[in-house]
Every structure is written in C-alpha cells, then in structure tokens.
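Report on the structure
Here is how the chains run, residue by residue.
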Amino acid sequence: MDFTELYKHSGSLVSFSPGAHFVLNAVQDRVIIRKTDSFQISRTWVIDPTPSESAALFNKQTTKTTRHLAEPKSSTISHASWSSDSEYILTASVKGGFVQVFKLRDEEWTARIACGAEGLVKAVWAPDGRTILCFSDWGLRVTIWSLVTGAASYIQFPLYPDKGFDFRADGRYFVLAERHKSKDTLGIYDASESYKLVRHFPLPTSSLSSFALSPTGNHIAVWEGPLEYKLHILTLAGNRLASFSPEPEPVLGIREVAWHPTGMFLAVAGWDDKVHILDSLSWSPVTTFELSSRISAEVAIWREPSKWLESTQGRGFLSYEKLRGPQTITLNKTDHTKANPKSGAVQLAWNQTGSLLLVRYETTPTAAHLYLFPSPNEAFVPRLRSVLLHSQAVSQARWNPARKGSLALCCGNKSVYTWSDEWENESGEQEEIAECIGVPAREFDTRNICWSKDGKGLILMDKETFCCAFEVEEATTPTLL
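In this text the structure is predicted, and so the values were computed from the model without any measurement. (Residues numbered from 1 in each chain as written. Predicted model: local features only at pLDDT ≥ 70, side-chain atom pairs only at ≥ 80, totals over all residues. Heavy atoms only, no water.)

1. Brief notes about the UniProt feature "domain: Anaphase-promoting complex subunit 4-like WD40" (unreviewed entry) in the protein
Filter applied, for reference: UniProt positions are given in the numbering used here, feature names are shortened, and annotations may be inferred rather than shown by experiment. Every helix listed is a DSSP run of H or I at least four residues long, and every strand listed is a run of E at least two residues long, numbered separately from the N terminus.
In the numbering adopted here, UniProt assigns the feature "domain: Anaphase-promoting complex subunit 4-like WD40" (unreviewed entry) to residues 236-294. Each end of residues 236-294 is marked by a C-alpha atom, and these two atoms are 42 Å apart; helix forms 0% of the span and strand 51%.

2. Details of the pattern of salt bridges
Rules: Note on definitions: salt bridges are taken to be side-chain nitrogens of Lys or Arg within 4 Å of carboxyl oxygens of Asp or Glu. Only protein chains enter the area calculation, which uses a 1.4 Å probe; residues under 20% of their type maximum are buried, those over 50% are exposed, and those in between are partly exposed.
Within this structure, the stated rule accounts for 18 salt bridges. Put simply, R403 and E422 hold a salt bridge, and the shortest N to O gap is 2.6 Å. In this pair, R403 sits in the loop between strand 36 (396-399) and strand 37 (406-410) while E422 sits in strand 38 (residues 415-424), placing the two residues 19 residues apart along the sequence. What makes R403 buried here is its relative accessible area of 17%. We note a salt bridge from D462 to R447, for which the minimum N-O separation is 2.7 Å. In this pair, D462 is assigned in the loop between strand 41 (457-461) and strand 42 (465-470) and R447 in the loop between strand 39 (430-438) and strand 40 (448-451), connecting sequence segments 15 residues apart. Classification of D462 by relative accessible area gives buried; the value is 13%. If you follow the salt bridges from partner to partner, you end up with K414, D445, R447 and D462 in one network.

3. Looking at the sheet that holds strand 37
Put simply, the test is: Whether two strands pair comes down to DSSP finding at least two bridges between them. Fitted lines through C-alpha atoms serve as axes, helices being fitted only where they are in contact, and the angles separating the N-to-C directions of these axes extend from 0 to 180 degrees.
Taken in spatial order, the five strands of this open sheet run 29-39-38-37-36, and their pairing is antiparallel. Every interior strand has two partners, whereas the edge strands, strand 29 (317-319) and strand 36, have only one. Between one strand axis and the next, the sheet turns by 25 degrees as a mean value, whatever way the strands run. Inspection of the sheet shows strand 36 paired to strand 37 by four bridges, in the antiparallel sense. From the neighbouring strand, A397 faces strand 37, where its bridge partner is L409.

4. Describing the pairing of strand 38
Of all 10 residues making up strand 38, seven are buried, and the element is well covered by its neighbours. Of the strand pairs in this sheet, strand 37 and strand 38 are connected by four bridges, and their pairing is antiparallel. For A408, the partnering residue across the bridge sits in strand 38 and is T418. With antiparallel pairing between neighbouring strands as the criterion, strand 37 and strand 38 make up a hairpin whose turn holds four residues, including G412 at a positive phi of roughly 75 degrees. Sheet topology note: the strand 38/strand 39 ladder contains eight bridges and is antiparallel.

Right under this line is the structure:
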C-alpha cells in the first residue's frame, strides 16, 4: 500500500469524488481539490464569509453573552460534499447561515443560498446532483433549492436534521420523518415533480427513533426510541405488514438496523448484545446471534501482534496472529441502570453482496465479529466466521464498496488494519488473511477511514490531518491491501 503525504483538514471534511479522480478537503474557509493520480492541487476556493442577514443579526445579539466561549467563525466551513456527478461542490457554514456552491470545470462560477430566520443545521445534495436540501434549526422545515431553476420549495416540521430522511435507490422519491399535531408521520415526496407530496401517513410509533428504507424501495422499517424495543415494517403506501419485539422484551430499545443489500433480510440489534435477522417473507427472526465470551475452534480468530508498531517503527505490514482452538474473549460488565450503557451493537454493516455481516459490540470494543451467510443454493445456516481482536478499541470499520471480501479498520493509532478472503494459496484455494499496516508518518493517529467508490483508495483521517492510501497495482493478480 502506498501512502501520500499528510495534508490539513478541518471538521473531518475530506472525501473522494464519486469517480475517484479527485479528493476534496476543507480547511477553515478554504476548499481544496486535488487530483488523485498526482495529488497536485487542481482547484481552490475561499468561501464568501458574509453571513446571511438573519445569521448576522442573531450573532450580534448573542456575542455579548458568549464572549467567553470559543465559537466557530461565520466563515468556517461546516459541510462540504460532491454532487453525484462530481460537477459541483457544496459548502455550507452553519454559523454564517449560508450555502455556497462551486463548479469543478469553471473556477469563476459560484452560487449562494442565504438562509432566513429559520437558521441552518445541515445541507446535503439530492441524488440528481442539482438540488440541495437545507435543514433548518428547531426542526421548522426543509428547504429544497434547485440549481437549475433557482426556485425553492418547503417541507414543514422534519423530525430530525441528521437522520429520519432518505431517497429511494433510484432517486425518485424523498422520504421524510415528520411531526404533525404531536404525532409521528412519514411523508413521501416525488423528486421528479418538484418534491410534490405523494402521500402522508401516521406511524405506529409514539416516539420515532429513525427509519430505514429497503434497497428495493418497497419497504420501510421504523422503530421506537431507546426505551422501547419495537420495530414495524411498512409499505410505501403506509400499510403495516408486521411488527417485531423479542420475548422477553429487553429493558432498552433498538440501537442499530441494517437492510441486506437485496432487501431479503433485516438485521436488528439493541443494547442486549443480540442481533436478530428477520426475513422478508414472515418478518420474524430466522436466526439470532448472541455475543459470547467463548469462541469455538471452527471460528477464525485473528489477534493483533503485541507491540508490533514499536518493533516495526510503524513501517511496512505484519500479519495478525491466527489463534488455534477454542478461545475466550473479555466482555465488559455493563450497568443498564445508567444512561447510555456501554453495551449492544454499535455497528451493523453488510458487505457488497450480503454474504458477510460485520458487527461491532460495545461490550467488546476491541473486537470485530464477521458473520457468514450462505449462498441461495446452500442450506441457510448463518454462523460466526471470523473475529478480529485488537489491542485498542476499534473506532471505525468499513467494507470495500467494490469488493465483497475486503474490510478496513482503524483503532486510533498509527496504523490501518485490513481483512480479506480474496487471498489464494498455493493450491489455488481462497483463504482469508488479516494484516496490520503502519502509516509512515511521525505524528498521525488513524481515527477515521473512508473508501473511494472504486475500492482502490482509502482516506485516513487524524484530528487535523489526513493522508490517502492506494493499492499497489500488479499486472497478474489483484494486490491485497
């Protein structure tokens, strides 16, 4: 794996373009675009620091009472992202109450959206790459701006600005969780018709936590807040197909939900260290994974070598140690009487084909569990396949978006970790392999990672710096990370 130099960033605003030809990063009030083949700067812009009239008035009124607090300047970029076709770059300043858009092929072109008294907490692209959704403060409304016509439309009372909204896979419909007359409601809007309302329907929840739209766009999973373990499956027409609540019902509610890439299964996890797999025929559990301190000999157990960073001085790579026979891992004790207990699944993630499910349990923060799902022509007996053990807590784990058997992890230290089942041994049989890869930098701790869409590059982020890592291409066989 080849690494680039270190570059500055602010707010973790670093991303590959959808085509993986460019890398965007923001530093305070500046946006920088680099080419991935050379990392030479291709474009750079400085946002207009002038706050919107409403933001300027609000900031003036609050300055006297908050002088002792370190607040972001109105020129600080809080959001930055690519349009779906890599043609435009969205930047936003929550403090300044505005959005500014730049065009990759025209350095002089720019567009600006000044938010009103409702404020701004989030700005995102719609799938068409020509529409911007601005979420206001206090859950007042979502403003939908068109770069093509310059017109705006509004949707009142979104439930959340950071979750509870999604687009169908084809981008046709926008689904939004709303709150009307003190009741949870779901709104379906037609993005091709200027976000015209298609239907509104009440939800069977009393305090909606969030929802997940299936990959096929036919079903919606909605679930209650953290105090009640209840999940409901609805159609886009609002018809309730099923409800799920395990028996006996856990003390706390649902924490993570993840659809299988085909929409055939739904993984549901709470704070009780159990993962329920529901099928799309009966909407009832077909299997349940429960975290255990005992791991059988049939499971591949990989352990990070002790003090390998010191012995290698953080350079090169080293294989994990593969443990033989049954093993015991440590489970942290959890007090469920306290708020936000350190238990349950903190991450559920399917690989590209849905043959593997990654689960990170907060009860075992240093471990990553990989569950294997058989192919359609095999007996349906899902099982724990592999466990990756580390010396520090896993902070992020990401599946390669282009390769089904490639996983990258980071633990907040001077390295990145990879697991793959694409390795071929001397007999031509596929085997799995796990490696520790040092980041060749004096002061750098990998706190976050992000793949490029082609699966050939990784962004590694520390608090204020980042670098990229790319596979070393070979002519004959695919190179492992």
